[in-house]
Amino acid sequence: MKEYYTAKTVLITGGAQGIGLGMAQTFAQAGARVVLADKDAEAGAEALQRLSKQNLQAQYIPCDVASEEQVSALLRQVAEAYGQLDALVNNAGIADPFVGSLQEMEMAEFDRVLAVNLRGPLLCAKYALPLLQRAEHPAILNISSTRAFMSEPNTFPYSASKGGLEALTHSLAVSLTAERIRVNAIAPGWIEVGEWQKKSRRHTPQHAAHDKEQHPVGRVGMPEDIAEAALFLCSDKAGFITGQTLTIDGGMTVRMIYS
Ligand SMILES: NC(=O)c1ccc[n+]([C@@H]2O[C@H](COP(=O)([O-])OP(=O)(O)OC[C@H]3O[C@@H](n4cnc5c(N)ncnc54)[C@H](O)[C@@H]3O)[C@@H](O)[C@H]2O)c1
C-alpha cells in the first residue's frame with residue numbers, strides 16, 4: 001500500500017487511543033501523512049511519542065467532534081497544513097455502550113452519545129468536503145459497531161448511534177457521487193484496546209478461554225484487524241466499493257446460538 005499512501009493525508013478522529021491509534025500506526029507505516037484529532041490532549045501527546053519511537057510521524061490536533069466550531073477549526077488547520085484530504089476516518093466515539101435501564105437513563109446521556117457518535121461523523125464529513133474534493137481518490141470511512149444490528153440490554157444510545165451511522169454511510173455514499181467520494185463503514189465486534197490506551201488507562205488484557213472460544217476464529221480482535229481493512233477501504237484498490245459496511249468480528253454475528 002506504500003505506493004498509494006505516500007504523500008496522502010489521512011485524518012483519523014479519536015486517533016489518540018484504541019482502534020484509532022492502531023489505524024494511525026498502520027496508515028503511517030504505509031507512508032500516509034496522518035492527522036490525529038482527539039479531545040484528549042494527554043492521550044494525543046502520548047500517541048505521538050509512541051509513534052515516534054517507531055520512527056513514524058503524525059500530527060495531533062485537539063478537537064471535540066461534537067463541537068461544530070472545533071470541527072470547523074480542525075479542517076481549517078488540515079487545509080493550511082496539507083491543502084487536501086485523501087481520507088477521513090470517523091472513529092471518535094463514546095465507546096462504552098452501557099447506560100442504565102430505560103427508567104433510569106437520563107435523556108441528556110442519550111443526546112451526548114448521539115452528538116459524538118452520529119452527529120460528529122456528519123459534521124466532520126461536512127467540513128472535510130472541500131478538502132476531500134481536491135483528492136484523486138477521496139474516501140470516508142465510518143467506524144460503526146456490530147451493535148448497530150444486535151444488542152445487549154441497556155445500550156439504547158450506543159446501538160441507536162451506530163445504527164444511525166450505518167444509515168448515514170449509505171446516505172452520504174449516494175449523495176457525494178458528484179464529488180467522487182466513496183463512503184464505507186467498518187462494524188467491529190469485540191476489539192481489545194487495553195494496550196492502546198494512554199498510560200493512565202493502559203492495561204494488559206486478560207481473556208478467559210470462553211472469551212476466545214465464543215469467536216469462530218478463536219480469539220478476540222485487535223486494532224490491527226480493523227486497521228488493515230481500513231487501509232484497503234480508503235485506498236484506490238477499493239474503488240468499486242461504496243455505501244457498504246464490512247463486519248470484522250471474528251465471526252461472532254454469524255454464529256447461531258440456541259440456549
Ligand atoms: N473496542 C471495541 O470493541 C469496539 C467495538 C465496536 C466499535 N468500536 C468503535 O470504535 C471506535 C473506537 O473505539 P475504541 O474502543 O478504540 O475506544 P477508545 O475509548 O479506546 O478510543 C476512543 C478515542 O476517541 C476519543 N474521543 C471520544 N470522544 C471524542 C470526541 N467527542 N471528540 C474527539 N475524540 C473523542 C477518545 O479520547 C479516545 O482517544 C468507537 O467509535 C467505538 O464505538 C469499538
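Now for a description of the structure that goes with this document. (Residues numbered from 1 in each chain as written. Predicted model: local features only at pLDDT ≥ 70, side-chain atom pairs only at ≥ 80, totals over all residues.)

Some remarks on the sheet that holds strand E5 (residues 139-143)
Threshold: Following DSSP output, two strands are said to pair if at least two bridges run between them. A run of H or I in DSSP counts as a helix once it spans at least four residues, and a run of E counts as a strand once it spans at least two, with each numbered from the N terminus. Axes, fitted as lines to C-alpha atoms, cover a helix only where it is in contact. Angles between the N-to-C directions of the axes lie from 0 to 180 degrees.
Strand order across the open sheet formed by seven strands is E3-E2-E1-E4-E5-E6-E7, with parallel pairing between neighbours. A single partner strand is all that each edge strand has here, and the edge strands are strand E3 (58-62) and strand E7 (245-248). Between one strand and the next, the sheet's axes are offset by a mean angle of 20°, whatever the strand orientation. By the bridge criterion, five bridges tie strand E1 (residues 9-13) to strand E2 (residues 33-38) in an arrangement that is parallel. Residue Thr9 lies in a different strand from E2, and its bridge partner there is Arg33.

With respect to the site of the ligand
Stated formally: We call a residue near a molecule or strand when the C-beta position, derived from backbone atoms, sits within 6 Å of it.
Close to the ligand lie 28 residues, the nearest being Gly14, Gln17, Gly18, Gly93 and Ala95. The element contributing the most residues to the shell around the ligand is helix H2 (residues 18-29), with three residues.

Here we look at H2
What counts is decided by this rule: The span one expects for a helix is its residue count, reduced by one, times 1.5 Å. Here a residue counts as buried when 20 or more other C-beta atoms sit within 10 Å of its C-beta, as exposed when there are 12 or fewer, and as partly exposed otherwise, the C-beta atoms being derived from the backbone.
With 12 residues, H2 extends 17 Å between its outermost C-alpha atoms, agreeing within 8% with the 16 Å of an ideal straight helix rising 1.5 Å per residue. Within H2, 11 of the 12 residues are buried, leaving the element largely enclosed by the surrounding structure. Looking one or two residues past H2, Gly31 carries a phi angle of roughly 100°, positive in sign.

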